[in-house]
Every structure is written in structure tokens, then in C-alpha cells.
Amino acid sequence: MGAVALALILGALGFQYLRHLAPCEMCHWQRWPHIAAAIIGLAVVPVWKRQARPLALLTVLLVLASGLIGLYQTGMQLGVLPGPTACTVAHAYVMGSGAPPPEVSCNVVTWSLLGLSLAAYNAIFSIGAALVGTLLLVRGRS
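What counts, and at which threshold
- Residues numbered from 1 in each chain as written.
- Predicted model: local features only at pLDDT ≥ 70, side-chain atom pairs only at ≥ 80, totals over all residues.
- Heavy atoms only, no water.
- Helix = DSSP H or I, 4+ residues; strand = E, 2+ residues; numbered from the N terminus.
- Buried < 20%, exposed > 50% of the residue type's maximum accessible area, 1.4 Å probe, protein only.
- Contact = heavy atoms within 4.5 Å.
- Areas by Shrake-Rupley, 256 points an atom, 1.4 Å probe, with all protein chains shown as cover.
- Axes fitted to C-alpha atoms, helices over the stretch in contact; angles between N-to-C directions.
- Parallel < 35°, antiparallel > 145°, perpendicular 65-115°, else oblique.
- Left-handed = near helix turned anticlockwise from the far one by under 90°.
- Nonpolar A, V, L, I, M, F, W, Y, C, P; charged D, E, K, R; others polar.
- Core = buried A, V, L, I, M, F, W, Y, C linked by side-chain atoms within 4.5 Å.

Asker: With reference to specific residues and values, describe the overall build of the protein.
Answerer: Secondary structure summary: the protein contains 4 helices and 2 strands in total. Going residue by residue from the N terminus, the α and β elements of the protein occur as α-α-α-β-β-α. The buried share of the protein, taken over its 142 residues, is 36%. When contacts within the protein are restricted to residue pairs at least 6 apart in sequence, long-range pairs at least 24 apart make up 70% of them. Taken as a whole, the protein presents about 8300 Å² of accessible surface, with 72% of it coming from carbon and sulfur.

Okay, structure coming up:
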């Protein structure tokens, strides 16, 4: 779970710094649970093995939380869910451009593949990974 969270956060940072896509505020909201899940899953669990199961569950819940935020943002982008239309972030900018930071609205799709935004992909991968993690935790208990 920690590796999945790390891969997703690195992917988001890759889009930000390599593809020059400035994140919106909700994009940042989706990143924080992944950062926490990566730290817990990859650094804390191996050291604190006595609490591995509850920490693994916490990691699953953090990845799920990021996915649910992505799902909500996807609903906003599709116009089926209400949301903060003034949701912008002014501190994310394209490094080295010298340009002022762009304002990015949370309900605007800045990149898509097969009609799905980055928020949608985060929702799919995060919720899917959380389901697999939950199944593995349940199977490990029996």
C-alpha cells in the first residue's frame, strides 16, 4: 500500500514538474493522504512490526480517502456534483518559467486520457488499491 501511494504521488509530481501542469487545491488535498500512506507503509510499518496490522489498515484508509477526494473532484468536473467553484491555488507554478503562478480551478480538466482526468485516474487507482488492500487484510486474518 505504501508503494502504491508513493507511485501515485510521484506520478502527480511528474505531471506537475515534467508536464508543467499546475495542481489545483483539491489536487493537493489528494496528495496529503498519499504522502502519509507512503511514509507509514514504507517507513513506519517495517520499523514498528508489532503494530503492522493497524498501521496497514490506516494506510489503506488514507489511500481510500485520496481516492474519494478524487472521485468527488471528478463529479465536480463532470458537473454532477456541486463544489467550490472558486477553488484555486496560487502557490503552484511552473519552475523556471518566471511567470506568475497560474490559478487553477478544481472543476476544470487540465489533462485527460480516454476522457478521464487525473482526478478520475487517482480515484480509480486509489479506490482499487484500497479494495485490494482490504481484501489482503481480511484474508490475512483468517
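Still to come is the rest of the account.
Asker: Residues and numbers for the packing of helix α2 (residues 25-47) against helix α3 (residues 52-78), please.
Answerer: Any two packed helices are characterised by how steeply their axes cross, that is the angle between the axes, and by the distance between the axes. Where α2 contacts α3, the axes come no closer than 9 Å and their chain directions differ by 165°. Looking at the two axes, α2 sits roughly antiparallel to α3. The handedness of the crossing between α2 and α3 comes out as left-handed. Of α3, the residues touching α2 (which contributes Met 26, Cys 27, Trp 29, Gln 30, Pro 33, His 34, Ala 36, Ala 37, Ile 40, Gly 41, Val 44 and Val 45) are Ala 52, Leu 55, Leu 58, Thr 59, Leu 62, Val 63, Ser 66, Ile 69, Gly 70, Tyr 72, Gln 73 and Met 76. Of the residues assigned to the contact of α2 with α3, the class counts are 17 nonpolar, 7 polar and no charged.

Asker: If you had to explain the nonpolar core to someone new, which residues and values would you point to?
Answerer: Counting 9 residues, the largest nonpolar core consists of Ala 5, Ala 37, Ala 38, Ile 40, Val 45, Leu 55, Leu 62, Val 63 and Ala 129. Among the elements of the structure, α2 and α3 are those that each provide at least two residues to this core. With 4 residues, α2 is the single largest residue contributor to this core. Setting aside its immediate chain neighbours within four residues, Ile 40 contacts Val 45, Leu 55, Leu 58, Thr 59 and Leu 62.

That's the geometry; what it means functionally is another story.
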